[in-house]
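# Summary of the model geometry
In case you want the letters, here they are:
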Amino acid sequence: KNLSNYLNDFSLVELIFVDDGSNDNSVKLLEEANFGQLNKIILKEHHVGMMNAIFAGIRKASTQNIITIEVDVPIKINEVVICLKKFLENKYDLLVGSRYLEIKPKNVPFIRKIVSKSYLYLFNQYFNIKISDPQIGFKIFKKDKFNLIYNFLNIKYDGLKSSQLIILFYMF
């Protein structure tokens, strides 16, 4: 109910849910859910992997501005709306969310902290950018730019795609 209230200010909003072969009743809940005036599309991709499932949803979208949110991303809908407004007002091509802006992760093993911070440092140093969480499953981007990158990755890297590659190719 609240989702449609938050997103009614934006024209041409589609909600595309991609099920990668889940065995719980989440698809049934989505089918029964009422999102008001928002267009709801449920794609059933069976065990194609997370990135291919996300890409299937992106390719199905008919709008220019795309938001991807993976199911385990700890973000509130009002934060999504704030980011979307910032994205549109500043005419960004890409906006990458972060898990680390307000909430510090708890109970993270020491070795994982070290590996994560090392990866982040090397990623930002090597590509001369400042992203606090390149692996986050929350991004907003332009579909036309995505299509160029997606087609390039299919040709150049024989289908190799990841969230980090999309961020990198947006930079060039």
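A short tour of the structure in this document, coming up. Just so it is clear, the structure is predicted and the values come from calculations on it, not from any experiment. (Residues numbered from 1 in each chain as written. Predicted model: local features only at pLDDT ≥ 70, side-chain atom pairs only at ≥ 80, totals over all residues. Heavy atoms only, no water.)

## Observations concerning the overall build of the chain
Check the secondary structure of the chain and you find 7 helices and 5 strands. In sequence order, the secondary structure elements of the chain are arranged as α-β-α-β-α-β-α-β-α-β-α-α. Burial status across the chain gives 34% buried among its 172 residues. When contacts within the chain are restricted to residue pairs at least 6 apart in sequence, long-range pairs at least 24 apart make up 70% of them. (Helix = DSSP H or I, 4+ residues; strand = E, 2+ residues; numbered from the N terminus. Buried < 20%, exposed > 50% of the residue type's maximum accessible area, 1.4 Å probe, protein only. Contact = heavy atoms within 4.5 Å.)

## Quick word on the pairing of strand 5 (residues 138-142)
Along any regular strand the residues' side chains alternate between the sheet's two faces. In terms of burial, strand 5 is a largely internal element, 5 of the 5 residues being buried. The alternating pattern of strand 5 places F138, I140 and K142 and K139 and F141 on opposite faces, both of which are buried. Summarising the sheet, strand 3 (residues 65-69) and strand 5 pair through 5 bridges and their orientation is antiparallel. In the strand pairing of strand 5, N65 is matched with K142. (Pairing = 2+ DSSP bridges.)

## Some thoughts on the environment of Y119
You can see Y119 is positioned in helix 5 (residues 110-127). Sequence spacing of Y119 and P134 is 15 residues, and the spatial spacing of their C-alpha atoms is 9.8 Å.

## So, the pattern of salt bridges
Evaluation of the coordinates by the stated rule reveals 3 salt bridges. Across the pair K44 and E31 runs a salt bridge, and its minimum N-O distance is 3.4 Å. Of this pair, K44 sits in strand 2 (residues 39-44) while E31 sits in helix 2 (residues 26-32); the two residues are 13 residues apart in sequence, bridging distant segments of the chain. What makes K44 partly exposed here is its relative accessible area of 47%. With a closest N to O distance of 3.9 Å, K145 and D93 form a salt bridge. With a gap of 52 residues between them, K145 in helix 6 (residues 143-156) and D93 in the loop between helix 4 (77-89) and strand 4 (94-96) connect regions that are remote in the sequence. With a relative accessible area of 33%, K145 lands in the partly exposed category. (Salt bridge = Lys/Arg side-chain N within 4 Å of Asp/Glu carboxyl O.)

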